[in-house]
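# Close look at the chain arrangement
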Amino acid sequence: MRTIDALRCGGRTTNRADCKSPLPHVNPQCATRLTLVSHHIWLRDHCRCPECFHPVTKQRMLDTFSIPRDIKPRTVEATKHNLRITWSSGESTHTSEYPWSWLKDNAYDPQSPSEPDWQKPYIWNNYSFRGHPPQMRFEDVMSSETAVHQWLAKIKKFGFCFVRGVPPDMASTEALSLRIAFIRETQYGKLWSFTSDLAHGDTAYTNIALPAHTDNTYFTDPAGLQLFHLLEHSGGEGGESLLVDGFYAAQELKARHPSSFELLSQIPIPCHAAGDDDTFYRPDPPSGYPVLSLDHRTGEVRHVRWNNNDRSAMNAVHPDLMEQWYQAIRDWNACLTDEAAEYWVKLQPGTVVAIDNQRVLHGRAEFTGRRQMCGAYIGKDDFMARLRALAENVQGDELLTARKRDVWAPGL
């Protein structure tokens, strides 16, 4: 295997161009040592010069399939900030430069962390916030890009965030939603409003209690975020809102019942939305998706998809696993309904809650009287695209003027 190792010793860097070469001498008094191992073809493929990578569109211009399998450097030079390689192919040469920071962030031998710290979730339960849940003020979010970044960062970190001081009308709720991205239209409309009138064939349009669930389990691509705003509750009581951190429940399930955790990360569950006669939603494939989707690199839970009310006939589970599967969802339900997991809040007009629909489950208590909610769905990719763009320009707690993204930006 042909590789390049880069060994940094203080401010000096020594390189070797073939893994069969002896390791360079290292000063035993150096404070840091960094060893990066990269295949020659990988390095050539990731050249970011204007000829190989378009500086405006940030798209690869190099024909990957034209790179010789046995490509190797003609020269290798280490500077304080970059690794510079001159490649030879026939009589032609090409020079590539790679920042050390970029090589470190994208290292695969050893592998680098899969995501930056600001994307890592804070896993919570009912006792985590002690009366101080994540929240923002409407006037701040509507007037400041810095506040928008803070809001979206809280949603990413905790899986939800309240916004206080929102005028209790649909127009203000829509304006707030559009501070994130465009609204995703579904069979319920663009900005939806519902009360207990069964205007749609869905239990949300009744006054009965709803257990903790995620929305759109019947979609191939469930909505990433949803925003809820209570506009009115008059002539009755009840209707408290329930939030459960699906990552916390999954963590508890894995600790208490590892075999159930494994089953729920493997067996797909078919779901449907069939209450309206003019539509009949099922995911593609119709066998559905597992309750828990795991990161293939870390094994951590990345997405939660669960709505027992929308579950279709379980007709694709192996007979030998059927009773185990029912035990697994019983164990899962016990984790979701544990007092420690359930965070109850009584929403009031003027407060919007934004929820990561692929992490935090929501529900409500039974209610009486007239209770009207409005809200919106937003795509997960659109939410994350907005957050990443804002995060690029954050320094400390301040959002700087948007600067031009260079070809070495994280994630490219």
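Below you will find a few notes about this structure.

Parameters at a glance
- Residues numbered from 1 in each chain as written.
- Predicted model: local features only at pLDDT ≥ 70, side-chain atom pairs only at ≥ 80, totals over all residues.
- Heavy atoms only, no water.
- Pairing = 2+ DSSP bridges.
- Helix = DSSP H or I, 4+ residues; strand = E, 2+ residues; numbered from the N terminus.
- Axes fitted to C-alpha atoms, helices over the stretch in contact; angles between N-to-C directions.
- Buried < 20%, exposed > 50% of the residue type's maximum accessible area, 1.4 Å probe, protein only.
- Arc of directions from axis to C-beta.
- Polar contact = N/O pair within 3.5 Å; in protein donor to acceptor, adjacent residues only side chain to side chain.
- Disulfide = S-S within 2.5 Å.
- Parallel < 35°, antiparallel > 145°, perpendicular 65-115°, else oblique.
- Left-handed = near helix turned anticlockwise from the far one by under 90°.
- Contact = heavy atoms within 4.5 Å.
- Nonpolar A, V, L, I, M, F, W, Y, C, P; charged D, E, K, R; others polar.
- Salt bridge = Lys/Arg side-chain N within 4 Å of Asp/Glu carboxyl O.

Let us now look at the sheet that holds strand β4 (residues 73-78). Judged by pairing direction, the sheet is antiparallel, and its three strands sit side by side in the order β4-β5-β6 without closing on themselves. Both outer strands of the open sheet, β4 and β6 (92-99), are each paired with one neighbouring strand and no more. This sheet shows a mean twist of 15° between the axes of neighbouring strands, independent of strand direction.

For the α-helix, the turn length of 3.6 residues means that residues three or four positions removed from each other point alike. All of the buried residues in helix α5 (residues 170-178) are S172, T173, L176 and S177. Along α5, the residues classed as buried sweep out an arc of 140° about the axis, all on the same side. Two to three positions downstream of the cap, the backbone nitrogen of A171 sits 3.3 Å from a side-chain oxygen, assigning the N-cap of α5 to D169.

So, on to the sheet that holds strand β7 (residues 135-137). What holds strands together in a sheet is hydrogen bonding between their backbones, with the strands either parallel or antiparallel. Overall, mixed pairing links the six strands, which are arranged β7-β8-β16-β11-β18-β9 in an open sheet. Two strands in the sheet have a free side with no partner beyond their single neighbour: β7 and β9 (192-194). Adjacent strand axes in the sheet meet at a mean angle of 25°, parallel and antiparallel pairs treated alike. Judged from the five bridges that link them, strand β8 (residues 160-164) and strand β16 (residues 351-356) form a sheet pairing that is antiparallel. Across the sheet, the residue bridging to F162 is V353, located in β16.

It is worth spelling out the state of the cysteines at this point. Taken as a whole and judged by the stated rule, the model has zero disulfides. Free cysteine: C49, not disulfide-bonded; nearest cysteine sulfur from C52 at 3.6 Å. Residue C49 is classed as buried on the basis of its relative accessible area of 17%.

So, about the packing of helix α4 (residues 145-158) against helix α9 (residues 380-391). Direction vectors running N to C along α4 and α9 enclose 125°, while the axes themselves pass 10 Å from each other. In terms of their interaxial angle, α4 and α9 are classed as oblique. As α4 runs across α9, the sense of the crossing is left-handed. Contacts from E145, V148, H149, L152, A153, I155 and K156 of α4 reach α9 at F383, M384, R386, L387, L390 and A391. Partitioned by chemical class, the residues of the contact of α4 with α9 number nine nonpolar, one polar and three charged.

All right, on to the pattern of salt bridges then. In this structure the tally under the stated criterion is 14 salt bridges. When the shortest N-O distance is used, the salt bridge between E232 and R370 registers 3.2 Å. Placement of E232 in strand β11 (residues 225-234) and of R370 in strand β18 (residues 370-378) is noted, with a sequence separation of 138 residues between them. Classification of R370 as partly exposed rests on a relative accessible area of 39%. Among the salt bridges present, the one from D245 reaches R359, with a minimum N-O distance of 2.8 Å. A residue pair is termed long-range when its members are at least 10 positions apart, and D245 in strand β12 (residues 241-245) and R359 in the loop between β16 and β17 (360-364) qualify at 114 residues. You'll find D245 and R359 in the same group, each marked buried. One network of salt bridges, in which partners are shared, links E77, R84 and E97.

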